[in-house]
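# Reading the structure
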Amino acid sequence: MIVVGNLFAAFLAIRAVGYFIKDEWGKMITLAVGAVFVGAIIWAPDAVQGFLTGVWGKVSGTA
């Protein structure tokens, strides 16, 4: 899974450089925000699961 995460990061870096060169700032920021979420799920799945479980517990009133 880590190999897939590293390939994903390399792909996103290439896309981000392309957006930077074209001055497409909105797309670059959206890509960065999405990359943070997907990267967190790939590299720290237990922490993300704990966070989302806690958030859902507060939203649903079970926490």
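Note that this is a predicted model, so its numbers are computed, not measured.

### What to know about the pattern of salt bridges
Applying the stated rule across the entire model yields one salt bridge. Here Glu-24 and Lys-27 are joined by a salt bridge, their closest N and O atoms 3.9 Å apart. Classification of Lys-27 by relative accessible area gives partly exposed; the value is 47%.

### Description of the packing of helix α1 (residues 2–22) against helix α2 (residues 25–43)
Across the interface, α1 lies against α2 with an axial gap of 10 Å and an inter-helix angle of 170 degrees. It follows that α1 is roughly antiparallel to α2 by the angle criterion. When α1 is examined against α2, the residues Ile-2, Gly-5, Asn-6, Phe-8, Ala-9, Leu-12, Arg-15, Ala-16, Tyr-19 and Phe-20 are found in contact with a partner set consisting of Trp-25, Lys-27, Met-28, Leu-31, Ala-35, Val-38, Ile-42 and Trp-43. For the contact of α1 with α2, the class distribution of residues is 14 nonpolar, two polar and two charged.

### Observations regarding the packing of aromatic side chains
Evaluated as defined, the whole model comprises one aromatic pair. Relative to Trp-25, the ring of Phe-20 lies with its centre 5.5 Å away and its plane at 85 degrees, an arrangement referred to as edge-to-face. Of the residues examined, Phe-20 reaches a relative accessible area of 48% and is grouped as partly exposed.

### So, helix α3 (residues 45–60)
Look at α3: 22 Å from first C-alpha to last across 16 residues, which is about the 22 Å you get at 1.5 Å a residue. At the exit of α3 stands Gly-61, carrying a positive phi of roughly 85 degrees.

### Here we look at the environment of Asn-6
Secondary-structure assignment places Asn-6 in helix α1. Linking Asn-6 and Ala-32, residues 26 residues apart in sequence, is a C-alpha distance of 15 Å.

### Some thoughts on α1
Taking 1.5 Å of rise per residue, the 21 residues of α1 would be expected to cover 30 Å, and the 30 Å separating its terminal C-alpha atoms lies within 8% of that figure. Looking only at α1, the buried set comprises Gly-5, Leu-12 and Tyr-19. The buried residues of α1 occupy an angular sector of 45 degrees when the element is viewed end-on, so they sit on one face. In α1, those exposed residues whose orientation departs by more than 90 degrees from the buried face are Val-3, Leu-7, Ile-14 and Ile-21.

Calculation criteria
Residues numbered from 1 in each chain as written. Predicted model: local features only at pLDDT ≥ 70, side-chain atom pairs only at ≥ 80, totals over all residues. Heavy atoms only, no water. Salt bridge = Lys/Arg side-chain N within 4 Å of Asp/Glu carboxyl O. Buried < 20%, exposed > 50% of the residue type's maximum accessible area, 1.4 Å probe, protein only. Axes fitted to C-alpha atoms, helices over the stretch in contact; angles between N-to-C directions. Helix = DSSP H or I, 4+ residues; strand = E, 2+ residues; numbered from the N terminus. Parallel < 35°, antiparallel > 145°, perpendicular 65-115°, else oblique. Contact = heavy atoms within 4.5 Å. Nonpolar A, V, L, I, M, F, W, Y, C, P; charged D, E, K, R; others polar. Phe/Tyr/Trp six-rings, centres within 6.5 Å; stacked < 30°, edge-to-face > 60°. Expected span 1.5 Å × (residues − 1). Arc of directions from axis to C-beta.

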